[in-house]
Structures are given as C-alpha cells and as structure tokens.
Amino acid sequence: HELIAHHRDRLDATAAALSHEPATGYEVSYPLFGTDRKPAARRFAVAETLSHLERLVLEGRAARGEDVGRVSYTAA
C-alpha cells in the first residue's frame, strides 16, 4: 500500500506542477526533481515525469497537446 500511496502522491505533485501554460515533460521535471541533476539523472526524471503526465491525461487531470513535434501538457 505504501507504493500505491507514493505513486498517488507523485501524481498529485505532477498535477500541481501544471498550469494553463503548455509545458514539456522536460520543463515539468524541474519542479518535481530539482535543478541540480546530472544528465543521466535528468533523463530518469524526464522519463518519470512523462509517465506521470500520461497517466494524468488518462485520468482526465491533464491535457496533452502537440505542435510541430513538441508535446506539451496543461492542467485540465
């Protein structure tokens, strides 16, 4: 149950990081994981952020948009 609670907390934090201004998964990863990450850790942070963002889209808590090869997310 701890893992499920942790996952729900991370989803809530990801949702809270969104606004009505479009942001990429890379951009959203900064408030969630901080700014002092080495490249490998940043890649992990972006991958985790994207996973949470896509879950939020499935739950209707975020919206996904694409514009000329740029995928961005906004609060729903």
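By convention here, each chain's residues receive numbers from 1 onward along its written sequence. Given that the model is predicted, a residue must reach a pLDDT of at least 70 before its local features are reported, and side-chain atom pairs must reach 80 or more before they are shown or counted; all residues, however, enter totals for whole chains, interfaces and linings. Side-chain figures throughout are based on the complete set of non-hydrogen atoms in the structure, without hydrogens or water.

Enquirer: I'd like to hear about the nonpolar core, residue by residue, with values.
Expert: For this analysis, a nonpolar core means a set of buried residues of the types Ala, Val, Leu, Ile, Met, Phe, Trp, Tyr and Cys, connected via side-chain atoms within 4.5 Å. Buried residues are those whose accessible area, probed at 1.4 Å on protein chains only, stays under 20% of the maximum for their type, while exposed residues exceed 50% and partly exposed ones sit between those limits. Counting 12 residues, the largest nonpolar core is built from Leu 11, Ala 15, Leu 18, Ala 23, Val 28, Leu 32, Phe 33, Ala 45, Leu 53, Leu 56, Ala 62 and Tyr 73. Counting from the N terminus, the helices are the DSSP runs of H or I reaching at least four residues and the strands are the DSSP runs of E reaching at least two. Of all the secondary-structure elements, those providing two or more residues to this core are helix H1 (2–17), helix H2 (25–33) and helix H3 (39–59). A contact between two residues is defined here by any heavy atoms of the two lying within 4.5 Å. Contact partners of Leu 32, with chain neighbours within four places excluded, come to Arg 10, Ala 13, Thr 14, Ala 17 and Thr 49.

Enquirer: Any chance you could break down the packing of aromatic side chains for me, citing the residues and the numbers?
Expert: Each Phe, Tyr or Trp ring, with Trp reduced to its six-membered ring, pairs with another whose centre is within 6.5 Å; inter-plane angles below 30 degrees give stacked pairs, above 60 give edge-to-face pairs, and intermediate values give tilted ones. Per the stated rule, a full pass over the model turns up one aromatic pair. A ring pair is formed by Tyr 26 and Tyr 30, whose centres lie 5.3 Å apart and whose planes are at 75°; its orientation type is edge-to-face. Here Tyr 30 and Tyr 26 lie together in helix H2, a separation of four residues that amounts to about one turn. According to the relative accessible area criterion, Tyr 30 is partly exposed, its value standing at 27%. Whether a charge lies above a ring is judged from NZ of Lys or CZ of Arg, which has to be within 6 Å of the ring centre and within 35 degrees of the ring normal. Over the ring of Phe 33 we find Arg 10, and its NZ or CZ is 4.9 Å from the ring centre. Across the ring face of Tyr 30, the terminal group of Arg 42 is positioned such that the distance to the ring centre comes to 3.8 Å.

Enquirer: An account of the pattern of salt bridges is needed here, citing residue identities and associated values.
Expert: We define a salt bridge as a side-chain nitrogen of Lys or Arg found within 4 Å of a carboxyl oxygen belonging to Asp or Glu. A full pass over the atoms with the stated rule returns seven salt bridges. Notably, a salt bridge pairs Arg 8 with Glu 59, separated by 3.3 Å at the nearest N-O pair. Taken together, the residues Arg 8 in helix H1 and Glu 59 in helix H3 connect sequence positions 51 residues apart. We classify Glu 59 as partly exposed; its relative accessible area is 29%.

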